[in-house]
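# Overview (structure and organization)
Residues per chain, in single letters:
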Amino acid sequence: MYLQSEALVLKTVDFSETSLVLTLLSREYGKIRALAKGGRRIKGPFESALDLMSQVLVTYIPKRGDALDLLTESKLVRRFRPTKENYGGMYAGYYLIELLNEMTIEQEPMPELFDLAVGAMSQLIDGAPVMPTVMRFEWQLLEQTGHFPSLDLCVHCDGEIDLTQHRIAFGHIDGGVVCPNCRPGTQQVSMVTPELIRAIRRWHGDHDDGKNDAGFDASQQGPMRALLNQYVSHLIGKRPVMFDYLGKMQNPAT
């Protein structure tokens, strides 16, 4: 049985002198791991279309159990390669595919997430402001994978959070804000400002309505980036490799 789907190339590993093992996020079938025999050859059924961070149309044979799927054909849809003047977009693109690889599970179709990822990659390549684009996608990814934090109610007691407090506890293990009564004993907590919580709520609401980044509060970019760094690291159980390049994910439009 042959299956076909658009996919993003998330990871490539040399398997032999001519073959590759690929991790792909397919639109129709979720994340898959496949062997591309001859995938390293310039000429062949894959048309040199298996570069990291490329959007491709693939045909493959699914295997049972832990066996690798067998990729039989690929056609390039778009190769996401920023210009030399847009290094920030390149680093950001690598960061996004790292997150997709770490935060998705195999064979769970997520077509909306795939479309959001392609949209974010396209915006980065086209020169959109890097950090707002990256953070917007991070919040979307958290929502699509079921990890969007609670921002209105305490994750322990469901009590409403008082935004008149000077600082609000955010529990990375628990996945959201924590009220003062539940704060004692809660581990891995960041103290954030009410302004940051409001900014995330407002920005998330804007995107729910299909709006652009008009609601992005630039004054909260640093605190939001710091919160996402810690929260994402906790969720995937390690510090993403591309965090080392976050400082370079800037461009004049940011």
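Please read these numbers as outputs of a predicted model, since none were measured by experiment.

Reading around the circumference, E1-E2-E3-E5-E4 is the order of the five strands in this closed barrel, with mixed pairing throughout. Taken pair by pair, the neighbouring strands of this sheet meet at an average axis angle of 45 degrees, ignoring direction. In the sheet, strand E1 (residues 3-14) pairs with strand E4 (residues 54-61) via six bridges, with the strands oriented antiparallel. Residue pairing in the sheet places Leu3 in a bridge with Tyr60 of E4. Sheet strands in contact with helix H2 (residues 111-125) are E1, strand E2 (20-26), E4 and strand E5 (69-79), and its direction is about 60 degrees off that of E1.

All right, on to H2 then. Over its 15 residues, H2 extends 21 Å from the first C-alpha to the last, a length consistent with the 21 Å expected when each residue adds 1.5 Å. Of the residues making up H2, those classed as buried are Leu113, Phe114, Ala117, Val118, Ala120, Met121, Ser122, Leu124 and Ile125. Buried-residue contacts for H2 involve E1, E2, E4, E5, helix H1 (87-103) and helix H3 (130-144). Among the residues trailing H2, Gly127 stands out with phi positive, at a value near 95 degrees.

Turning to the sheet that holds strand E8 (residues 189-192), a few remarks are in order. Ordered by their spatial adjacency, three strands build an open sheet running E7-E6-E8, and the pairing between neighbours is antiparallel. Only two strands of the sheet have a single partner each, and these edge strands are strand E7 (176-178) and E8. Adjacent strand axes in the sheet meet at a mean angle of 40 degrees, parallel and antiparallel pairs treated alike. Examined bridge by bridge, strand E6 (residues 168-171) and E8 share four bridges and lie antiparallel to one another.

Okay, the packing of H1 against helix H5 (residues 221-236) next. Across the interface, H1 lies against H5 with an axial gap of 10 Å and an inter-helix angle of 35 degrees. Here H1 runs over H5; the crossing is left-handed. Residues Tyr95, Leu99, Glu102 and Met103 of H1 form the contact with H5, whose own contacting residues are Arg225, Val232, Leu235 and Ile236. Residues that form the contact of H1 with H5 fall into these classes: six nonpolar, no polar and two charged.

What follows is about the nonpolar core. Residues Leu8, Tyr95, Leu96, Leu100, Phe137 and Met224 are the most contacted members of the largest nonpolar core, which totals 57 residues. Secondary structure elements with two or more residues in this core: E1, H1, H2, H3, E6, E7, helix H4 (194-208) and H5. Among all residues touching Leu96, those that are not within four sequence positions of it are Ala120, Met121, Leu124, Val134 and Phe137. Leu20, Leu22, Ala36 and Val58 belong to the second-largest nonpolar core, a separate cluster that totals 16 residues.

Structurally, Cys182 is set in the loop between E7 and E8. Owing to a relative accessible area of 18%, Cys182 belongs among the buried residues under this scheme. Along the backbone, Cys182 and Gly159 are 23 residues apart, and their C-alpha atoms lie at a distance of 9.8 Å.

A few words now on H3. With 15 residues, H3 ought to run about 21 Å at 1.5 Å a step, and its terminal C-alpha atoms sit 21 Å apart, in line with that. For H3, the buried fraction is high: 13 of the 15 residues fall into the buried class. Downstream of H3 by one or two residues, Gly146 has phi in the positive range, about 80 degrees.

Time to look at the environment of Leu22. Take Leu22: it is sitting in strand E2. A C-alpha to C-alpha distance of 8.3 Å links Leu22 and Leu50, two positions 28 residues apart in sequence. The residues contacting Leu22, other than those within four sequence positions of it, are Val9, Lys11, Thr12, Ile32, Arg33, Ala34, Ala36, Leu50 and Leu71.

Definitions and cut-offs
Residues numbered from 1 in each chain as written. Predicted model: local features only at pLDDT ≥ 70, side-chain atom pairs only at ≥ 80, totals over all residues. Heavy atoms only, no water. Pairing = 2+ DSSP bridges. Helix = DSSP H or I, 4+ residues; strand = E, 2+ residues; numbered from the N terminus. Axes fitted to C-alpha atoms, helices over the stretch in contact; angles between N-to-C directions. Contact = heavy atoms within 4.5 Å. Expected span 1.5 Å × (residues − 1). Buried < 20%, exposed > 50% of the residue type's maximum accessible area, 1.4 Å probe, protein only. Left-handed = near helix turned anticlockwise from the far one by under 90°. Nonpolar A, V, L, I, M, F, W, Y, C, P; charged D, E, K, R; others polar. Core = buried A, V, L, I, M, F, W, Y, C linked by side-chain atoms within 4.5 Å.

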